[in-house]
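In case you want the letters, here they are:
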Amino acid sequence: DGGITQSPKYLFRKEGQNVTLSCEQNLNHDAMYWYRQDPGQGLRLIYYSQIVNDFQKGDIAEGYSVSREKKESFPLTVTSAQKNPTAFYLCASSDFGANSNQPQHFGDGTRLSIL
Amino acid sequence: DAKTTQPTSMDCAEGRAANLPCNHSTISGNEYVYWYRQIHSQGPQYIIHGLKNNETNEMASLIITEDRKSSTLILPHATLRDTAVYYCIVRVLGAAGNKLTFGGGTRVLVKP
């Protein structure tokens with residue numbers, strides 16, 4: 001089945017540690033996104049990538065880093081500089097183009113907690 | 001992106017139609033209306049989207065008023081599995097990153 005796979009489902013981070021969240025898609029989508037969701041709130045955009053080897057900061061990029069070496073993969077690293085990393089992280093993908101109205105499709109998320 | 005206003009919560013009887021309103025009075029001519037839902041601890045699920053014509057798919061129908069200032073998502077026969085938070089989003093076509101801006105949504109509870 002085509003879709004977006006996020007792993008792990010649950011992740012724990014120690015203070016001062018970097019952790020990497022995985023996102024893989026087999027939908028052949030050009031664009032991929034990372035969002036953060038805090039309890040009872042909407043999603044906020046961290047980073048997005050429209051094509052391989054290119055990505056842009058979203059609204060809350062500080063303390064995060066990404067790479068886009070392959071079309072199907074868009075890993076997110078939560079660095080030690082992110083002081084409040086506990087949240088639900090969601091990856092999405094979509095077809096992209098200047099005239100594309102195609103929706104974004106989401107994975108099932110990774111819940112990150114601090115030990 | 002245009003701001004949307006939705007009821008905080010609503011109940012619906014199982015088997016009946018659920019009509020979810022959304023106000024987007026400042027919508028621009030090139031902004032699409034999207035609906036997503038999120039079941040607890042899962043990623044948002046795309047439901048439907050439209051620009052100005054009414055749309056229907058296997059999940060729902062989307063009715064957009066002629067002036068495009070409001071819309072209604074219709075779940076024709078609600079089931080218990082439709083209990084979720086429903087988000088109405090307007091997005092500018094081709095905007096940087098095509099990002100989605102989620103507001104508070106409507107918490108829908110389908111009751112037996």
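That block above? That's the structure.
Within any chain, residue numbers begin from 1 and follow the written order of that chain's sequence. For naming, the first written chain is A and the first written ligand is 1, with later ones following in the order written. This being a predicted model, a pLDDT of at least 70 is required before a residue's local features are given, and a value of 80 or more before pairs of side-chain atoms are given or counted; all residues contribute to the totals for chains, interfaces and linings. Hydrogens and waters are ignored; side-chain quantities use all the structure's heavy atoms.

(A) Spotlight on the overall build of chain A. In terms of helices and strands, chain A carries zero helices and 11 strands. The secondary structure listing takes helices from DSSP runs of H or I that are at least 4 residues long and strands from runs of E that are at least 2 residues long, numbered from the N terminus. Starting at the N terminus, the α and β elements of chain A follow one another as β-β-β-β-β-β-β-β-β-β-β. Its C-alpha atoms give chain A a radius of gyration of 13 Å, within 12% of the compact-globule value 13 Å for 115 residues. Seen through its principal axes, chain A has C-alpha atoms that stretch 40 × 25 × 25 Å. For chain A, the proportion of its 115 residues judged to be buried stands at 48%. We call two residues in contact when some of their heavy atoms are within 4.5 Å. Counted over contacts in chain A with a minimum sequence separation of 6, partners at least 24 positions apart contribute 54%. Only the protein chains shown count as cover for residues, with accessible areas throughout obtained via the Shrake-Rupley method and a probe of 1.4 Å. As displayed, chain A has an accessible area near 5600 Å², and 45% of this comes from carbon and sulfur atoms. Taken over C-alpha atoms, the radius of gyration is set against a globule rule of 2.2 Å times the number of residues to the power 0.38. For every residue, the accessible area (1.4 Å probe, protein chains only) is compared with the maximum for its type, and the residue is labelled buried under 20%, exposed over 50%, or partly exposed between those bounds.

(B) Local environment of the interface of chain B and chain A. Taken together, the 21 residues of chain B in the interface contact 26 residues of chain A. Summing the contributions of chain B and of chain A, the shared interface buries around 1800 Å²; its carbon and sulfur component is 50%. Think of a salt bridge as a Lys or Arg side-chain nitrogen and an Asp or Glu carboxyl oxygen that are within 4 Å of each other. For the pair chain B and chain A, the number of links is zero salt bridges. Of all the elements in the fold, those that place two or more residues in the side of chain B that touches chain A are β3 (31-38), β4 (45-50) and β8 (84-92) of chain B. Tallied by class, residues from the side of chain B that touches chain A come to 10 nonpolar, nine polar and two charged. Two parts placed together each lose some accessible area; with a 1.4 Å probe, that loss summed over both constitutes the buried area. For this classification, Asp, Glu, Lys and Arg are treated as charged, while Ala, Val, Leu, Ile, Met, Phe, Trp, Tyr, Cys and Pro are nonpolar and the rest, including Gly, are polar.

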